[in-house]
Amino acid sequence: IKFFDFTVLNVDFSVGLNERIMKLLNNLDIVPVICYEIIFLNDLLIKANRFSPIIINLTNDAWFGKISGPYQHFYLSRIRSTEFNKYLIRVSNNGVSAIIDNYGKILKFIPLNVKKQKNINISIPNQLNNLTNYHKLIYYFFIIYFIFAVLINKKNEGNN
């Protein structure tokens, strides 16, 4: 679409590295996540970072304004923290910032449009179990349950 050239200029993007992991000096691995990427769980965790204990989510929620968007983004991030059994450090320029443990408990919190700094010492285990392998089992369970329900329904329709 040529009429967009004045807004995007002649810049092109290339695919980044597939390995999404940062190793810190004290042998601690973190998963860096930019903005809304945290919502897309299939692309977030890969084999290389599956057992990293921390997700760091840097985001810009300014464009949401004061509506519900920053809160929805925050709570969806919190869900990922518990789903992946990882601590989450979420930093937003004006949105909701927080430190969340691997059970979804908010340890520290900075509300929307508040500029503040929070310090906390957290004790992170060397390795947290990751239960994402069981996600497929849940889908299989529901598929089998659905097939079973359809068969029972057909059997009941035949008896009438």
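Residues numbered from 1 in each chain as written. Predicted model: local features only at pLDDT ≥ 70, side-chain atom pairs only at ≥ 80, totals over all residues. Heavy atoms only, no water.

**Things to note about the overall build of the chain**
The condition that has to hold: A run of H or I in DSSP becomes a helix once it reaches four residues, and a run of E becomes a strand once it reaches two; helices and strands are each numbered from the N terminus. Partly exposed describes any residue whose relative accessible area lies between the buried limit of under 20% and the exposed limit of over 50%, with all areas from a 1.4 Å probe on protein chains only and scaled to the type maximum. For this analysis, residues touch if any pair of their heavy atoms sits within 4.5 Å. Surface accessibility follows the Shrake-Rupley procedure with a 1.4 Å probe radius. Residue values consider only the protein chains on display as shielding.
The secondary structure content of the chain amounts to 4 helices and 6 strands. When its helices and strands are written in sequence order, the chain yields α-β-β-α-β-α-β-β-β-α. Burial statistics for the chain: of 160 residues in total, 31% are counted as buried. Sequence-distant contacts, at least 24 apart, represent 53% of the contacts inside the chain between residues at least 6 apart. Carbon and sulfur atoms make up 60% of the accessible area of the chain, which totals about 11,900 Å².

**Focus: the pattern of salt bridges**
Here is the rule we go by: Any Lys or Arg side-chain nitrogen located within 4 Å of an Asp or Glu carboxyl oxygen qualifies as a salt bridge.
If you walk through the whole model with that rule in mind, you get 1 salt bridge. Residues Arg80 and Glu83 are paired through a salt bridge, measuring 2.5 Å at the closest nitrogen-oxygen approach. Here Arg80 and its partner Glu83 are both found in helix H3 (residues 69–83), 3 residues apart, which amounts to about one turn of the helix. Since its relative accessible area comes to 11%, Arg80 is described here as buried. Classification of Glu83 as partly exposed rests on a relative accessible area of 23%.

**Points about the environment of Gln117**
Residue position: Gln117 is located in the loop between strand S6 (106–110) and helix H4 (135–159). On the accessibility criterion, Gln117 (66% relative accessible area) is exposed. Sequence spacing of Gln117 and Ser97 is 20 residues, and the spatial spacing of their C-alpha atoms is 9.7 Å.

**Focus: a nonpolar patch on the surface**
Note the following rule: By definition, no residue in a patch forms a salt bridge, and every one has over 30% relative accessible area; like charges are joined within 9 Å, nonpolar side chains (Val, Leu, Ile, Met, Phe, Trp, Tyr) within 5 Å.
A contiguous nonpolar surface patch, about 710 Å² in accessible area, is contributed by Leu137, Tyr140, Ile143, Phe146, Ile147, Val150 and Leu151. Along the chain, Leu151 falls in helix H4. The exposure class of Leu151 is exposed, given its relative accessible area of 55%.

**Details of H3**
This is how the line gets drawn: Expected span of a helix, by definition, is 1.5 Å for each gap between consecutive residues, and there is one gap fewer than residues. It is the directions from the helix axis to the C-beta atoms whose arc is reported.
An ideal rise of 1.5 Å per residue puts 21 Å on 15 residues; H3 measures up with 21 Å between its terminal C-alpha atoms. Along H3, the residues that are buried comprise Gly69, Pro70, His73, Phe74, Ser77, Arg80 and Ser81. Buried positions in H3, seen along its axis, are confined to an arc of 135° and lie on one side of it. Positive backbone phi, approximately 55°, marks Asn85, located one or two places after H3.

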